[in-house]
Amino acid sequence: MRSAFHLRLPSLLPVLLLLLLSSSLSYRPRGALAAQFDVGVILDRKTWIGKISRTCMIMAVEDFYKANPDYTTRLSLHWRDTDNSSISAASAALDLLKNVRVQALIGPQTSTQAKFVAKLGDKAQVPIISFSATSPTTSSSQNPYFIRTAWNDSSQAQAIASLVEAFGWREVVPVYEDSEYGASIVPHLIDALQEVGANVPNRSMVPLSATTDRRLVLAELQKLNQSRTRVFVVHMSYSLAFRLFSTAQEAGMMGEGYVWITTYGLTDLVDLQGPAAARIMRGALGIRPYVRNTTELQGFKARWRRRYHQESVNDNVTEPTVYGLWAYDTVWSLAMAAEAVRASSSSPFTWSNVTNSSTDLGRLGSSPTGPTLRELILNTTLVDGMSGRFEMVEDGQVLQSRTFEILNVADDGWRRVGFWTPTHGASRHMNKATALRVVEWPGGGTKPPKGWEWPTAGNKLIVGVPVKPGFPQFVTANNSIPDGYCIKVFEAVLSQLPYHVPIQYEIYKDNHGESNGTYDDLVYQVFLQKYDAVVGDVTIRANRSLYVDFTLPFTVSGVSMVVPIRDERRKDAWTFMNPLTPNLWFASGAAFVFTGLVVWFLEHRINVNFNPGRASNQIGTVFYFSFSTLVFAHQEKVLSNLARVVVVIWLFVVLILQSSYTASLTSMLTVQQLQPTVSDVDQLVRDGSKVGYLKDSFMPGLLKRLKFNESQLIAYESPQEYHDALLNGSVAAIVDEIPYLKVFLSKYCDKFTMVGTIDKTSGLGFAFPKGSPLVPDVSRAILNVTETNKTKDLENMLYGNTSCPDKDPDMTSSRLTFNSFWGLFLISGATSFSALILHLVFFLYEHRHGLQDGRWRSILGWLATLAKLYSQTDSCADAPEKAKPQDGTATGDIPSSPYLDSGWQTPSSISNHANGYLGSEDDTGTPPEEETPGREISEQTQGSPSFAEMLRR
């Protein structure tokens, strides 16, 4: 370990320059005797720490100078044995400072002693180095010459809190000795526990005299056992802790359900007292600073056991403990600093100028090398110390390695179950977050205790139940036995808990069997500790949460109002107009006319049914055909393919429109459109209407905040009273929570309806005392119950299965709008317009020769000719009243047709060859006997017809 020490030289250059000058004057040739460096050691050799650390320090001096034989200084340890009193330690320190003139002092052993001795060190400017005074109240900020080479007790607070968090405990009670050492950790522990959501409901302070008086320990344990908390953190001396655990075992507090956690000041108790301590502490958890088990440490422990048992033959101690390792490293650090000082053996003190002082303190001088030695110690680093990296920080204490090991007491001693690090918290491994190993708890079980027991000592949980005469569906008490929806939910929740909770119901009533107050009064009884819980239809409110803790809601709630309903739909002579909105009526009419005109354009030249003669007749035909399609009563047959496509699409539109109209009209004539008489609560306020509410509820305060006057509010007690008041007009509305209104509407849904949400509430919940550990468990159980069919069954019991007519205005039948049909109109219109354009293109193509002969002189003439041609009847016109010969030849005068010019057969000839006649009323295929008037038509064909003509036909 020679290379393990180094000094932070840049920060010590001024000090070293002065030392070089003094060393040149006091240079000793090689081989000369080493200068003696006097160091005082104050220990209580009657304690474990005193005996263990003494052996470690002796071995440290031997090992250091064996590893560094060339050093010119040598520590000389001057031992002083004291008891645990501060006076004894101060007396020993004064003797060492005044008579021995030590240049450094190791000890004393306890924090109380160290706080007093540190004042002497400040006056004499002598470093006071303690490896066991771990109290945070003693620090170098108050005493500059006090140096702590141990971990501060506050460093373990976060590790303990993380352990509590890992097992989900919510309450912890510190158990500590009545001393500065015991009480100093409590503030840090409380802060760390609060950061992880754990509370400290009370503390247990054990007097030091309890070490020899078992009755004092038993009295404190009885207080702990009467509280509900079962997680205890113990921080005290070895002897008092052994008395505490032995008495707790006798009192039955080391059994199932209890949790004991020891600070690292006690974790070595099992190593010190062996099986006796393991037997009484079985199942306890403890933490201690983690020390890497190196080969060098293993060799040191073996040598230490041989050396220690030579001096203490009757002791069964097997480990030097972490305090012994800190003592060993303290000596090495001081020896390194002493070599740097190169102090001579002459007196380093300068006596005080006060020569006539009658006290030792007044004649106490100051060390000239003290400031230099202090700086050297604070800047000394032991990289590979026995306890790990040994390095001082600016606040005068050893640098925290910040790694604790978590131990569990078993039959054969401690066993490691994990580690704690600032990065991963409580974990099985140091370098990753994993669950701890299985812990054997007090009583021998492996299931983590819940951390509390409530009620205690076999008592039952006293549960307050409200009186609810008007709504027995929620809670009722027959022969003082509660029942109802809320009681059944509560008992279902208790059955989901992983432990049994005995309960006893108490009805909150007066001598007359009536409610003993409002719900606020009932909840306040929990705060007064009359009840352990309140179960019923209790709404979670902010003002109530000031005194109790609520569980999660077991049913959704809110405030609404119930009002009468009436049918606002009028049924008169013009009701048939209501199904369609005006824009849809207009669009439908326009579509009818447009479709009729398109069909007329496509058919009137080839179909005599659309060309009856005069213009008025043709207009009548257009309207008759289009509107007769509404009831599918049209008899005119269409001949052209384009017209057929238009008609088919239009009939589809008419079918959809007619069906929708019929359904909407039927709904309007048969289904009531029920509307509430009042739409919102503001209307009630403006009209000054009276409103009803449930007696003993929080509604009056809510309604007053909504600007209702006291004179407008009327209290009722039952659904029947609600019903009568609404029917006779005593009130315009009933304002209540939604669950009550649902129960009311399940019986009277045909006459009333619920309108809107007036206020939002958190729902119905169970009330427990502040900080009750039952709240999180019951809340989780509520979630489990609500996710099962059990809740649905209970709600069916509460609200029933009554089916009510639909009274939601948004769900009643409404008028049909154009937005619902514009797609159909678009398809029909596009089809008709496309057919019309194609028809005109084909017509112009067929008459291209006649329109290009140049006989007209103006555009008006051309248009007149075009109109004349278009108004003429096509030679292919259907004439069912004219007969044709059996051979298919036509007789009479027939106007010339472009069909003949192209050699294309007429429709008549085609039908004759096919033994049928398109448009004829004779379905047998026999042509009529009367010939079609007109010129004789040549039947000679000169080629195949074009695709355009086929499409036109």
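Residues numbered from 1 in each chain as written. Predicted model: local features only at pLDDT ≥ 70, side-chain atom pairs only at ≥ 80, totals over all residues. Heavy atoms only, no water.

Caption draft 1: Up close: the overall build of the chain. Along its length, the chain carries 30 helices and 29 strands. For the chain, with 953 residues in total, the buried portion stands at 51%. As displayed, the chain offers around 44500 Å² of accessible surface, 53% of which is attributable to carbon and sulfur atoms. (Helix = DSSP H or I, 4+ residues; strand = E, 2+ residues; numbered from the N terminus. Buried < 20%, exposed > 50% of the residue type's maximum accessible area, 1.4 Å probe, protein only. Areas by Shrake-Rupley, 256 points an atom, 1.4 Å probe, with all protein chains shown as cover.)

Caption draft 2: Spatial organisation of the pairing of strand S13 (residues 388–391). By the bridge criterion, three bridges tie strand S12 (residues 380–385) to S13 in an arrangement that is antiparallel. Opposite threonine 381, over in S13, you have glutamate 391 as the bridge partner. Between S12 and S13, which pair antiparallel one after the other, the connecting turn spans two residues. (Pairing = 2+ DSSP bridges.)

Caption draft 3: Region of interest: the nonpolar core. Counting 112 residues, the largest nonpolar core has Met57, Leu75, Met236, Trp260, Ile261, Phe300 and Leu334 as the members making the most contacts within it. No other element matches helix H13 (residues 321–341), which puts 14 residues into this core. Not counting residues within four places of it along the chain, the set of residues in contact with isoleucine 261 comprises Ile160, Leu163, Val164, Trp169, Val231, Phe232, Val233, Val234 and Leu285. Membership of the second largest hydrophobic core comes to 52 residues, among which are Trp452, Val475, Leu497 and Ala781. (Core = buried A, V, L, I, M, F, W, Y, C linked by side-chain atoms within 4.5 Å. Contact = heavy atoms within 4.5 Å.)

Caption draft 4: Broad picture of the packing of aromatic side chains. Taken as a whole and judged by the stated rule, the model has 37 aromatic pairs. Ring geometry for tryptophan 151 versus tryptophan 326: centroids 6.3 Å apart, planes at 35 degrees, classification tilted. In this pair, tryptophan 151 is assigned in the loop between strand S6 (146–148) and helix H5 (157–166) and tryptophan 326 in helix H13, connecting sequence segments 175 residues apart. Tryptophan 326 carries the same exposure label as tryptophan 151, and that label is buried. Look at tyrosine 508 and tyrosine 531: their rings are 6.5 Å apart centre to centre, the planes differ by 80 degrees, and that puts the pair in the edge-to-face class. (Phe/Tyr/Trp six-rings, centres within 6.5 Å; stacked < 30°, edge-to-face > 60°.)

Caption draft 5: Broad picture of the packing of helix H22 (residues 719–727) against helix H23 (residues 738–748). Put simply, H22 and H23 touch, their axes get as near as 10 Å, and they point 65 degrees apart. It follows from the interaxial angle that H22 and H23 lie roughly perpendicular. Classified by chirality, the crossing of H23 by H22 is right-handed. Residues Pro719, Gln720, Tyr722, His723 and Leu726 of H22 lie in contact with H23, whose contacting residues are Phe744, Lys747 and Tyr748. (Axes fitted to C-alpha atoms, helices over the stretch in contact; angles between N-to-C directions. Parallel < 35°, antiparallel > 145°, perpendicular 65-115°, else oblique. Left-handed = near helix turned anticlockwise from the far one by under 90°.)

Caption draft 6: Structural view of the sheet that holds strand S16 (residues 425–427). Strand order in the open sheet formed by eight strands is S8-S7-S9-S10-S11-S14-S15-S16, with mixed pairing between adjacent strands. Strands at the two margins of the open sheet, each flanked by one partner only, are strand S8 (204–206) and S16. Averaged over all adjacent pairs, the angle separating strand axes in this sheet is 25 degrees, with direction ignored. Where strand S7 (residues 173–177) and S8 come together, three bridges link them in parallel fashion. Its bridge partner lying in S8, valine 175 is registered against serine 204. Packed on one face of the sheet, H5 meets strand S9 (231–235), strand S10 (259–262), strand S11 (285–289), strand S14 (404–410), strand S15 (413–421) and S16 and runs near 60 degrees to S16.

Caption draft 7: The confidence of the model for the chain, seen in detail. Of the residues in the chain, 78% have a pLDDT of 70 or more, and the chain-wide mean is 79. For residues 343–355, every residue scores under 50 in pLDDT, and the model assigns this stretch 33 contacts once sequence neighbours within four places are set aside. In this model residues 806–813 is a low-confidence stretch, pLDDT under 50, and it forms 14 contacts with partners more than four residues away in sequence or in other chains. (pLDDT = per-residue confidence, 0-100.)

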